[in-house]
Amino acid sequence: MKKLIEIIKLKKDYYVGEVTVHALRGVDMVVNEGEFVAIMGASGSGKSTMLNIIGCLDKPTEGEYILDGISISSLSKNDLSGLRNQKLGFVFQTYNLLPRTNALDNVELPLLYNKTVKTKERIERAKSALESVGLSDRMHHKPNQLSGGQQQRVAIARSLVNDPVVILADEATGNLDTRTSYEIMALFQELNNKGKTIVFVTHEPDIARCATRNIIFKDGVILRESEVKDRINALEMLASIPLEAD
Amino acid sequence: MNALLRNKLRAFLTMLGIIIGVASVIAMLGIGQGSKLSIQQQIAGMGLNLVTVVPGSQQRGGVQFGASTMQSLKETDVAAILSDCPAVLAASPEVRGNGQAVFGALNWPTSLYGENESYLQIRERSVTNGRMFTDRELSSAAKVCLMGQTVVKNLFGEGADPVGQVIRFKKIPFLVIGVLDSKGLNTFGQDQDDLILAPYTTVQKRVLAITWVQSIYTSAVDSKSTADAATQIEETVRRQHKIKASDQDDFTIRNQTELLSTFSSVSNILTILLGAIAGISLLVGGIGIMNIMYVSVTERTREIGLRMAIGGKGFDILLQFLTESILLSITGGIIGILLGIAASKIIGSTMGWPIVVLPSSEILSFAVCTVIGVFFGWYPARKAASLDPIDALRYE
């Protein structure tokens, strides 16, 4: 199986005034193509730092990170931007949609920074991304006209539109109720079944059980790594939650 | 760009600074230019193209006898100037006499000017009633005259038609054949309508009994060639008077260029002053844009973080904010220019000021707006571009 993400002896230090914070103290980790990995851990365990580095938003202090065969430590800021645009899709806890901008324009956004995509193709791809998250009838709605779950789906469509090798989700269900959380997880599972590789940060154990593999961080190192045995099928879970339960 | 449409009121208020700045620049420069032009026109009304030849001062045994005391200018000089000076359009000899004009029981002290038929053209005057004297009347020294409005008023009463009447000037009867247009006071407060105009031959032979002329008035082909005309006239008259290269002129040439340049420099200072005041308001408008762009960058920190996370490079972000500020300033500039033109028209028509909006001041304001957009947009845009995506995404 192809290694999409390979992390070798990775360390990350922050300098806050004169104090050095060791956020990551030597992490080795591999994510293969087609995996659905959930990263877990308490606050301050280093999981967010890890995701920032996987997302090429930050560079490691020490160690090696190879994304889809490219070592990122030698890349410039602009190269990293290009890499994020081509290879990665981001889903955030707070959705981060542009306000007063309709769903279609929001989804088109990553392609605006890809000069090889022409206007017509861009609109086509944005439309099909919205269709794949089941929002083809909400294309011209603005974020404030959409529910939280719908907004997160627009954000997922946005992360899909550039056909990334990995989708990175940072507490993507953190702002949603249980039912909507499983709706989103069902969508992720569906995407994963179609072959998308997903790395998901969460602190909810139930949500983590939707993934295929869990990695638990503690104090900047990997505490435990395990395949999920009793994986939750989010769709079945959804059916078991009564509608009025929320 | 959508960000501007998302915040229409704020965008408009931001532009307002630029709009007012540009509009006032346009209007102020318009007022400045207008006053300059009207001064130019007034001087041109006195004969901007006018080049005057007066006799030099007489000198006998080292004693100077005051200006224009020589009797050196002749009719033949006029003819020579007309034939030898290409920069001269028209020329008229002038002889003057002061005296009492009498009609019936009324009389009025005035000046009698003897001129040729080019007078109207040189002095930019016209005949409102009646006609100018003819070549035949000129060559036969006919006793005909035209009157200024002041003389008409004092000899015939307001609004009366003197054409066809006979008046007396120094006991010599003159048939009134026309009335000159009213020009009012000139810049020096002289009444330009207080005169009687007659053929110079008549004045020379029948009134003053002289053979020389007191001065020669010429008109250059245009205001720019007055200097050329003066040089050509000097050469021609020197040749006419057979003056040796080593000797001084026995005449003096005057033109209005100096007067014009004095007035022009005054109104130039006025224009600069008004423009500077307006420019300050434009600067304030620019600072307004900078302020709003800073607010906008802070407010949209998360958006910037997101744009960076999904692949926007620093340069893309810089360009985005720079485009917004330039768009703001240019739109403001265009509205300001239109408003400035409208304001100039309104001021011009209500206050009766002459206002001239030059295309150059429009282009200048537009260019300044673009520069303001870039200059005041640069720092906020740089701030946006230099944000760290991780911090920006977490920004509350």
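Note that this is a predicted model, so its numbers are computed, not measured.

Basis of the calculations
- Residues numbered from 1 in each chain as written.
- Chains lettered and ligands numbered in written order.
- Predicted model: local features only at pLDDT ≥ 70, side-chain atom pairs only at ≥ 80, totals over all residues.
- Heavy atoms only, no water.
- Salt bridge = Lys/Arg side-chain N within 4 Å of Asp/Glu carboxyl O.
- Helix = DSSP H or I, 4+ residues; strand = E, 2+ residues; numbered from the N terminus.
- Buried < 20%, exposed > 50% of the residue type's maximum accessible area, 1.4 Å probe, protein only.
- Axes fitted to C-alpha atoms, helices over the stretch in contact; angles between N-to-C directions.
- Parallel < 35°, antiparallel > 145°, perpendicular 65-115°, else oblique.
- Left-handed = near helix turned anticlockwise from the far one by under 90°.
- Contact = heavy atoms within 4.5 Å.
- Nonpolar A, V, L, I, M, F, W, Y, C, P; charged D, E, K, R; others polar.
- Polar contact = N/O pair within 3.5 Å; in protein donor to acceptor, adjacent residues only side chain to side chain.

Enquirer: Looking at this structure, I do not really get the pattern of salt bridges. What am I missing?
Expert: Residues and elements named next belong to chain B. Per the stated rule, a full pass over the model turns up 27 salt bridges over all chains. Across the pair Glu-299 and Arg-10 runs a salt bridge, and its minimum N-O distance is 2.8 Å. Of this pair, Glu-299 sits in helix α9 (residues 257-299) while Arg-10 is found in helix α2 (residues 8-45), placing the two residues 289 residues apart along the sequence. Since its relative accessible area comes to 22%, Arg-10 is described here as partly exposed. Taking the shortest distance from any N to any O, the salt bridge between Asp-249 and Arg-238 comes out at 2.2 Å. Taken as a pair, Asp-249 in the loop between α8 (226-240) and β12 (251-255) and Arg-238 in helix α8 lie far apart in primary sequence, 11 residues in all. The partly exposed category is assigned to Asp-249, whose relative accessible area is 26%. Overall, the relative accessible area of 17% leaves Arg-238 in the buried class. In the salt-bridge network here, residues are joined through shared partners; they are Arg-300, Glu-303, Arg-307 and Glu-324.

Enquirer: Whenever I open this one, the packing of helix α5 (residues 148-160) of chain A against helix α6 (residues 178-193) of chain A confuses me. Can you help?
Expert: If you want to describe how two helices pack, look at the angle between their axes and the distance between the axes. Residues and elements named next belong to chain A. The geometry of α5 relative to α6 is characterised by a closest axis approach of 10 Å and an angle of 20 degrees between their N-to-C directions. By the angle class used here, α5 and α6 are roughly parallel. Like other packed secondary-structure pairs, α5 and α6 cross with a definite hand, here right-handed. Residues Gly-149, Gln-152, Arg-153, Ile-156 and Leu-160 of α5 pack against Thr-180, Glu-183, Ile-184, Leu-187, Phe-188 and Leu-191 of α6. Across the contact of α5 with α6, the residue classes break down as six nonpolar, three polar and two charged.

Enquirer: Explain the side chain of Thr197(A) here, please?
Expert: Residues and elements named next belong to chain A. For Thr-197, the location among the structural elements is in strand β8 (residues 197-201). Relative accessible area serves as the criterion here: at 1%, Thr-197 is assigned to the buried category. Here the side chain of Thr-197 touches Gly-34 through a polar contact of 2.9 Å, landing on its backbone nitrogen. Contacts of Thr-197, omitting those with residues within four sequence positions, involve Leu-4, Val-31, Asn-32, Glu-33, Gly-34, Glu-35, Val-165, Val-166 and Ile-167.

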